[in-house]
Amino acid sequence: MPTSRTYGDACATARALDVVGERWALLVVRELLLGPQRFSDVRRALPGASTNLVTDRLRELEGHGVVARRKLPPPAGSTVYELTEWGRELEPIVLALGAWATRVPLPRPATLGVTSVLLFLRGAARPRRTACYRVELDARVWTVRTEPGRLTVEPGEPVAPDATIRTDPPTLNALLETPSDLDVAIGAELMTVEGDLEAVRRLLSDHEG
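In short, a report on the structure. Values in this document were obtained by computation on a predicted structure and should not be read as measured data. (Residues numbered from 1 in each chain as written. Predicted model: local features only at pLDDT ≥ 70, side-chain atom pairs only at ≥ 80, totals over all residues. Heavy atoms only, no water.)

1. Quick notes on the overall build of the chain
Logical step 1: Along its length, the chain carries 10 helices and eight strands.
Logical step 2: For 209 residues, the compact-globule formula gives about 17 Å, and the C-alpha radius of gyration of the chain, at 18 Å, lands near that figure.
Logical step 3: The principal-axis extents of the C-alpha atoms in the chain amount to approximately 55 × 45 × 35 Å.
Logical step 4: The 209 residues of the chain split such that 37% are buried. (Helix = DSSP H or I, 4+ residues; strand = E, 2+ residues; numbered from the N terminus. Rg over C-alpha atoms; globule rule 2.2 N^0.38 Å. Buried < 20%, exposed > 50% of the residue type's maximum accessible area, 1.4 Å probe, protein only.)

In C-alpha coordinates form, the structure reads like this:
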(Lines give C-alpha, C1' and ligand atoms only; values in the text may rest on other atoms or scores of the structure.)
Protein backbone atom coordinates (compact mmCIF):
# COMPACT_ATOMS: atom_id res chain seq x y z
CA MET A 1 0.00 0.00 0.00
CA PRO A 2 1.11 3.60 -0.51
CA THR A 3 2.69 4.98 2.61
CA SER A 4 2.19 8.32 4.31
CA ARG A 5 4.84 7.79 6.97
CA THR A 6 6.71 10.85 8.14
CA TYR A 7 9.77 11.52 10.24
CA GLY A 8 7.85 14.29 11.97
CA ASP A 9 11.02 16.37 11.81
CA ALA A 10 10.97 20.04 10.78
CA CYS A 11 14.43 19.79 9.21
CA ALA A 12 14.27 20.27 5.43
CA THR A 13 16.32 17.10 4.88
CA ALA A 14 13.79 15.05 6.83
CA ARG A 15 10.91 16.65 4.93
CA ALA A 16 12.61 15.80 1.65
CA LEU A 17 12.92 12.19 2.78
CA ASP A 18 9.23 12.19 3.66
CA VAL A 19 8.66 12.69 -0.09
CA VAL A 20 11.38 10.60 -1.76
CA GLY A 21 12.89 8.53 1.05
CA GLU A 22 10.84 5.37 0.60
CA ARG A 23 12.68 2.40 -0.92
CA TRP A 24 12.71 2.53 -4.75
CA ALA A 25 11.32 6.09 -4.87
CA LEU A 26 14.54 7.73 -6.10
CA LEU A 27 15.08 4.90 -8.57
CA VAL A 28 11.64 5.59 -10.01
CA VAL A 29 12.69 9.23 -10.31
CA ARG A 30 15.92 8.12 -12.01
CA GLU A 31 13.95 6.19 -14.62
CA LEU A 32 11.99 9.34 -15.51
CA LEU A 33 15.00 11.63 -15.88
CA LEU A 34 15.27 10.94 -19.61
CA GLY A 35 11.63 11.59 -20.38
CA PRO A 36 8.10 10.20 -20.00
CA GLN A 37 7.77 6.44 -19.49
CA ARG A 38 4.93 3.97 -19.53
CA PHE A 39 4.29 1.98 -16.38
CA SER A 40 5.55 -1.17 -18.10
CA ASP A 41 8.84 0.58 -18.93
CA VAL A 42 9.40 1.69 -15.33
CA ARG A 43 8.46 -1.75 -14.03
CA ARG A 44 10.83 -3.53 -16.44
CA ALA A 45 13.67 -1.19 -15.47
CA LEU A 46 13.32 -2.15 -11.79
CA PRO A 47 13.33 -5.96 -11.81
CA GLY A 48 13.85 -6.15 -8.06
CA ALA A 49 10.62 -4.29 -7.31
CA SER A 50 7.19 -5.89 -7.47
CA THR A 51 4.41 -4.50 -9.64
CA ASN A 52 2.48 -3.39 -6.55
CA LEU A 53 5.51 -1.65 -5.10
CA VAL A 54 6.19 0.31 -8.31
CA THR A 55 2.50 1.23 -8.43
CA ASP A 56 2.66 2.49 -4.85
CA ARG A 57 5.83 4.54 -5.41
CA LEU A 58 4.39 6.18 -8.54
CA ARG A 59 1.13 6.94 -6.72
CA GLU A 60 3.00 8.45 -3.76
CA LEU A 61 5.26 10.56 -5.97
CA GLU A 62 2.24 11.73 -7.93
CA GLY A 63 0.44 12.60 -4.70
CA HIS A 64 3.42 14.68 -3.58
CA GLY A 65 3.56 16.55 -6.91
CA VAL A 66 6.86 15.00 -8.02
CA VAL A 67 5.38 12.89 -10.84
CA ALA A 68 2.43 13.51 -13.16
CA ARG A 69 0.41 11.21 -15.38
CA ARG A 70 -0.85 12.07 -18.84
CA LYS A 71 -2.40 10.24 -21.75
CA LEU A 72 -0.62 10.38 -25.08
CA PRO A 73 -2.72 11.48 -28.08
CA PRO A 74 -3.77 8.93 -30.72
CA PRO A 75 -2.53 6.72 -32.22
CA ALA A 76 -0.45 5.89 -29.12
CA GLY A 77 -3.17 6.53 -26.56
CA SER A 78 -1.14 5.06 -23.70
CA THR A 79 -0.65 6.62 -20.27
CA VAL A 80 2.84 7.82 -19.35
CA TYR A 81 4.47 9.08 -16.19
CA GLU A 82 6.77 12.08 -16.19
CA LEU A 83 8.50 14.34 -13.70
CA THR A 84 6.83 17.62 -12.88
CA GLU A 85 8.85 20.82 -12.95
CA TRP A 86 9.45 20.40 -9.22
CA GLY A 87 10.35 16.74 -9.73
CA ARG A 88 12.94 17.71 -12.35
CA GLU A 89 14.78 19.66 -9.67
CA LEU A 90 15.76 16.27 -8.24
CA GLU A 91 17.99 15.52 -11.24
CA PRO A 92 21.23 17.09 -9.93
CA ILE A 93 20.56 15.48 -6.55
CA VAL A 94 20.15 11.99 -8.06
CA LEU A 95 23.24 12.43 -10.25
CA ALA A 96 25.25 13.75 -7.30
CA LEU A 97 24.27 10.69 -5.26
CA GLY A 98 25.52 8.50 -8.08
CA ALA A 99 28.84 10.34 -8.16
CA TRP A 100 29.15 10.15 -4.37
CA ALA A 101 28.56 6.37 -4.42
CA THR A 102 31.48 5.50 -6.70
CA ARG A 103 33.38 4.18 -3.66
CA VAL A 104 30.51 1.90 -2.60
CA PRO A 105 31.25 -1.72 -3.61
CA LEU A 106 29.08 -3.18 -6.36
CA PRO A 107 26.49 -5.70 -5.19
CA ARG A 108 26.89 -9.25 -6.46
CA PRO A 109 25.04 -10.05 -8.60
CA ALA A 110 24.18 -6.62 -9.98
CA THR A 111 22.02 -5.45 -12.87
CA LEU A 112 22.84 -2.51 -15.11
CA GLY A 113 19.85 -0.69 -16.52
CA VAL A 114 19.36 1.24 -19.74
CA THR A 115 18.75 4.57 -17.99
CA SER A 116 21.91 4.28 -15.91
CA VAL A 117 24.09 3.75 -18.97
CA LEU A 118 22.44 6.55 -20.94
CA LEU A 119 22.73 8.97 -18.01
CA PHE A 120 26.44 8.15 -17.79
CA LEU A 121 26.84 8.69 -21.53
CA ARG A 122 25.03 12.01 -21.36
CA GLY A 123 26.97 13.24 -18.36
CA ALA A 124 30.41 12.20 -19.56
CA ALA A 125 30.06 13.09 -23.24
CA ARG A 126 32.18 15.87 -24.69
CA PRO A 127 31.21 15.60 -28.38
CA ARG A 128 32.92 17.70 -31.02
CA ARG A 129 30.50 17.20 -33.93
CA THR A 130 26.79 17.22 -34.66
CA ALA A 131 25.22 13.80 -35.19
CA CYS A 132 22.03 11.83 -34.54
CA TYR A 133 21.87 8.20 -33.43
CA ARG A 134 19.17 5.59 -33.10
CA VAL A 135 20.13 3.57 -30.03
CA GLU A 136 18.24 0.34 -29.34
CA LEU A 137 18.86 -1.13 -25.90
CA ASP A 138 16.90 -4.11 -24.60
CA ALA A 139 14.24 -3.62 -27.30
CA ARG A 140 13.70 0.06 -26.41
CA VAL A 141 14.60 2.84 -28.83
CA TRP A 142 16.25 6.13 -27.89
CA THR A 143 17.27 9.19 -29.84
CA VAL A 144 20.77 10.41 -29.02
CA ARG A 145 21.88 13.72 -30.50
CA THR A 146 25.26 15.36 -30.25
CA GLU A 147 26.49 18.84 -30.96
CA PRO A 148 29.77 20.41 -29.92
CA GLY A 149 29.97 20.15 -26.12
CA ARG A 150 26.47 18.67 -25.61
CA LEU A 151 24.67 15.33 -25.84
CA THR A 152 20.93 14.81 -25.36
CA VAL A 153 18.91 11.62 -24.92
CA GLU A 154 15.18 11.17 -25.34
CA PRO A 155 12.92 8.14 -25.78
CA GLY A 156 11.56 7.34 -29.23
CA GLU A 157 12.54 7.06 -32.87
CA PRO A 158 14.82 9.68 -34.42
CA VAL A 159 14.33 11.14 -37.88
CA ALA A 160 17.12 10.28 -40.35
CA PRO A 161 19.78 9.09 -37.88
CA ASP A 162 23.42 9.02 -38.96
CA ALA A 163 23.82 5.59 -37.37
CA THR A 164 21.79 2.90 -35.65
CA ILE A 165 23.21 0.97 -32.69
CA ARG A 166 21.69 -2.21 -31.26
CA THR A 167 23.19 -3.71 -28.12
CA ASP A 168 22.59 -4.22 -24.40
CA PRO A 169 23.48 -1.95 -21.46
CA PRO A 170 26.53 -3.94 -20.23
CA THR A 171 28.07 -3.98 -23.71
CA LEU A 172 27.52 -0.27 -24.24
CA ASN A 173 28.93 0.45 -20.79
CA ALA A 174 32.02 -1.65 -21.53
CA LEU A 175 32.58 0.13 -24.85
CA LEU A 176 32.35 3.52 -23.17
CA GLU A 177 35.16 2.30 -20.92
CA THR A 178 37.17 0.80 -23.80
CA PRO A 179 36.02 2.25 -27.16
CA SER A 180 38.81 0.43 -29.00
CA ASP A 181 36.89 -2.83 -28.47
CA LEU A 182 34.11 -1.76 -30.85
CA ASP A 183 35.22 -3.98 -33.74
CA VAL A 184 35.56 -6.94 -31.37
CA ALA A 185 32.03 -6.38 -30.04
CA ILE A 186 30.64 -6.16 -33.57
CA GLY A 187 32.52 -9.31 -34.60
CA ALA A 188 31.16 -11.16 -31.57
CA GLU A 189 27.62 -9.96 -32.45
CA LEU A 190 27.33 -8.15 -29.12
CA MET A 191 26.57 -4.96 -31.04
CA THR A 192 25.25 -4.22 -34.50
CA VAL A 193 25.86 -0.91 -36.25
CA GLU A 194 24.13 0.43 -39.34
CA GLY A 195 25.16 3.65 -41.03
CA ASP A 196 28.17 5.79 -40.15
CA LEU A 197 30.56 3.56 -38.19
CA GLU A 198 33.01 6.41 -37.62
CA ALA A 199 30.24 8.46 -36.01
CA VAL A 200 29.70 5.57 -33.59
CA ARG A 201 33.42 5.52 -32.78
CA ARG A 202 33.21 9.23 -31.96
CA LEU A 203 30.16 8.70 -29.77
CA LEU A 204 31.99 6.08 -27.72
CA SER A 205 35.28 7.94 -27.43
CA ASP A 206 34.33 11.62 -27.05
CA HIS A 207 33.78 11.63 -23.31
CA GLU A 208 35.55 12.16 -20.04
CA GLY A 209 37.34 9.04 -18.89
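Now, onward.
2. Section: the layout of surface pockets
To find leftover empty space, a probe the size of one water molecule is rolled over the atoms.
Logical step 1: By volume, the largest pocket amounts to about 1800 Å³.
Logical step 2: Elements that contribute at least two residues to the lining of the largest pocket include exactly α2 (25-31), α3 (39-45), α6 (91-100), α7 (114-124), β5 (140-147) and α8 (169-177).
Logical step 3: Element by element, the count of residues in the lining of the largest pocket is highest for α7, at nine residues.
Logical step 4: In this model, the second largest pocket occupies a volume close to 240 Å³.
Logical step 5: If you go around the second largest pocket, you meet 14 residues; those closest to its centre are Ala16, Val19, Val20, Leu90 and Ile93.
Logical step 6: Breaking the lining of the second largest pocket down by element, the ones donating at least two residues are α1 (12-20), α5 (85-88) and α6.
Logical step 7: Considered class by class, the residues forming the lining of the second largest pocket number 10 nonpolar, two polar and two charged. (1 Å grid on protein atoms, 1.4 Å probe; cavity = no way out; pocket = protein on both sides within 12 Å on 5 of 7 lines; lining within 4 Å. Points joined across faces, edges and corners; volume = space filled by probe spheres on them. Nonpolar A, V, L, I, M, F, W, Y, C, P; charged D, E, K, R; others polar.)

3. Topic: the side chain of threonine 115
Logical step 1: Counting through the fold element by element, threonine 115 comes out in helix α7.
Logical step 2: A distance of 2.6 Å separates polar atoms of two side chains, one belonging to threonine 115 and the other to glutamate 31.
Logical step 3: Filtering out sequence-adjacent residues up to four positions away, threonine 115 remains in contact with Arg30, Glu31 and Leu34. (Polar contact = N/O pair within 3.5 Å; in protein donor to acceptor, adjacent residues only side chain to side chain. Contact = heavy atoms within 4.5 Å.)

4. Some details on the pattern of salt bridges
Logical step 1: Scanning the entire structure with this criterion turns up 20 salt bridges.
Logical step 2: Salt-bridge contacts for glutamate 22 lead to arginine 5; the nearest nitrogen and oxygen are separated by 2.8 Å. With glutamate 22 in the loop between α1 and α2 and arginine 5 in the segment before α1, this residue pair connects regions lying 17 residues apart in the sequence.
Logical step 3: Exposure remark for arginine 5: the relative accessible area of 60% places this residue in the exposed category. (Salt bridge = Lys/Arg side-chain N within 4 Å of Asp/Glu carboxyl O.)

Read these as layout, nothing more, since geometry by itself doesn't imply function.
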